[in-house]
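The primary structure of each chain is shown beneath.
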Amino acid sequence: MPSKENILSDLRRMRLIAKGAYVSAYKLRDGQNLSPSLLVEQHAENRPGSTAILYEDVRYDYATFNRRINQVSLALRTLGARAGQKLAVLMDNRPEYLMAFNGANKNGVVSALINTHVTGQQLEHAFKICDPSFILVGAELLERLEEVADSLPVPRENVLVWSEGEVKSFAGGKDFNALLDEAATDNPGSTGSFDVKQPCCYIYTSGTTGLPKAAAMSNGRFLKAAFMFGYAVVGLTESDVVYQSGLPFYHSSGCVLGWGSTLQSGAACAIRRKFS
């Protein structure tokens, strides 16, 4: 006969599976305005002091994290970014990656998540096929961008450099740190205006059988995978910590299952820059 503990564990898992199915079938039905960045705002309002991000010796609570995301959103809007445009993101795993992803999402701007290991022709191709209006590059990967500088699909002034510590630059590009310093931290009014069918991001195939292809993912598809994995498979709660140890944010396992499942439960995400 099953023990009382096993029965309670099974009942809890059944409730989580039911909740995941409910969210996927009801909350994410057509016409609903829901997005990853709206969840950030909700956590920031309801649980402002709870830990959102752990990275090296830095901790962001949801309120602080959301304010920084709002600065990204405003900085992009100041540059003229608008819903439906694409932002190509080339950056190592770090909190700023998620700030960029969610800040763009608040504007309805689609993030194209570029593989940080591709170079040369593959990198040129990855940029071109997503048809970006802007490229956001982490200063740690500037040399890689410089290698394909003459074939970028955007004007140099639309290359945005986000530095850590020492500020680095790209000839003709913009210092994104400076733009953020001037940006307000208030929630934009646009966050809740995008429905589940709105494109959220482009995630690339590995390119093992040819050049990488960009697969579009909507807000609804992103959240459905996150809710089902977070609730039904893992059973995450707001007191948990998801260890993002080496799973790159440019991959669905890192961005959708890692960050997305963290977000659906209001847990904390502990980020490691690289696996080794």
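Let me sum up the structure you'll find in this document. Each chain carries its own residue numbering, running from 1 in the direction its sequence is written. Only residues with pLDDT of 70 or above have their local features reported here, since the model is predicted, and side-chain atom pairs are shown and tallied only from 80 upward, although totals for entire chains, interfaces and linings are computed over all residues. Each side-chain value is derived from all of the structure's non-hydrogen atoms; neither hydrogens nor water enter the calculation.

1. What to know about the sheet that holds strand E11 (residues 268–272)
- Strands are treated as partners if at least two bridges between them are detected by DSSP. Segments assigned H or I by DSSP are reported as helices when at least four residues long, segments assigned E as strands when at least two residues long, and all are numbered from the N terminus. Strand order in the open sheet made by the 4 strands is E2-E1-E11-E10, with mixed pairing throughout. In this open sheet, the two strands that pair with only one neighbour each are strand E2 (58–61) and strand E10 (241–245). Direction aside, the axes of adjacent strands within the sheet are offset by 15° on average.
- Any two residues having at least one pair of non-hydrogen atoms within 4.5 Å are treated as being in contact. As a rule, the C-alpha atoms of each element are fitted with a line to give its axis, helices using only the stretch in contact, and angles between N-to-C directions run from 0 to 180 degrees. Where helix H3 (residues 62–78) meets the sheet, it contacts strand E1 (51–55) and E2, and its direction lies at approximately 85° from that of E2.

2. Notes on the nonpolar core
- By nonpolar core is meant a set of buried Ala, Val, Leu, Ile, Met, Phe, Trp, Tyr and Cys residues that side-chain atoms within 4.5 Å join together. For the exposure calls, accessible area comes from a 1.4 Å probe over protein chains only, and a residue counts as buried if that area is under 20% of its type's maximum, exposed if over 50%, partly exposed in between. Judged by nonpolar contacts, the single largest core of 49 residues is most densely connected at Ile53, Phe65, Trp162, Phe176, Phe222 and Trp259.
- Discounting chain neighbours no more than four positions away, the residues touching Phe176 are Val72, Ala75, Leu76, Leu136, Leu160, Val161 and Trp162.
- Listed in part, the 25 residues of the second largest apolar core include Ala139, Leu142, Val148 and Val159.

3. Comments concerning the sheet that holds strand E8 (residues 199–204)
- Spatial strand order, E7-E6-E5-E3-E4-E8-E9: 7 strands in an open sheet with mixed pairing. The outermost strands of the open sheet, each flanked by one partner alone, are strand E7 (174–175) and strand E9 (214–218).
- Inspection of the sheet shows strand E6 (residues 159–162) paired to E7 by 2 bridges, in the parallel sense. Each residue of the ladder has a partner; that of Val161, found in E7, is Asp175.

4. Some remarks on the pattern of salt bridges
- Whenever Lys or Arg places a side-chain nitrogen within 4 Å of a carboxyl oxygen from Asp or Glu, that contact is recorded as a salt bridge. Tallied over the full model, the rule gives 8 salt bridges.
- Across the pair Glu140 and Arg94 runs a salt bridge, and its minimum N-O distance is 3.0 Å. Remark: Arg94 occurs in the loop between strand E3 (86–90) and helix H4 (95–106) and Glu140 occurs in the loop between strand E5 (134–138) and helix H6 (142–146); sequence separation between them is 46 residues.
- Overall, the relative accessible area of 0% leaves Arg94 in the buried class.
- Here Arg94 ties to Glu164 by a salt bridge, and the two come within 3.6 Å at their closest N and O atoms. One end of the pair, Arg94, is in the loop between E3 and H4; the other, Glu164, is in the loop between E6 and E7, with 70 residues separating them in the sequence.
- On the basis of relative accessible area, Glu164 is assigned to the partly exposed category, the value being 34%.

5. Details of the side chain of Glu96
- Here Glu96 shows up in helix H4.
- If near-sequence neighbours (up to four positions away) are discounted, Glu96 is found in contact with Met91 and Trp162.

6. Side note on the packing of aromatic side chains
- Paired rings are identified among Phe, Tyr and Trp, the last through its six-membered ring, by centres lying within 6.5 Å, and are further divided according to the angle between planes into stacked (under 30 degrees), edge-to-face (over 60) and tilted (the rest). On inspection of all chains with the given rule, the structure shows 5 aromatic pairs.
- One aromatic cluster in this structure is built from Tyr60, Phe65 and Trp259.

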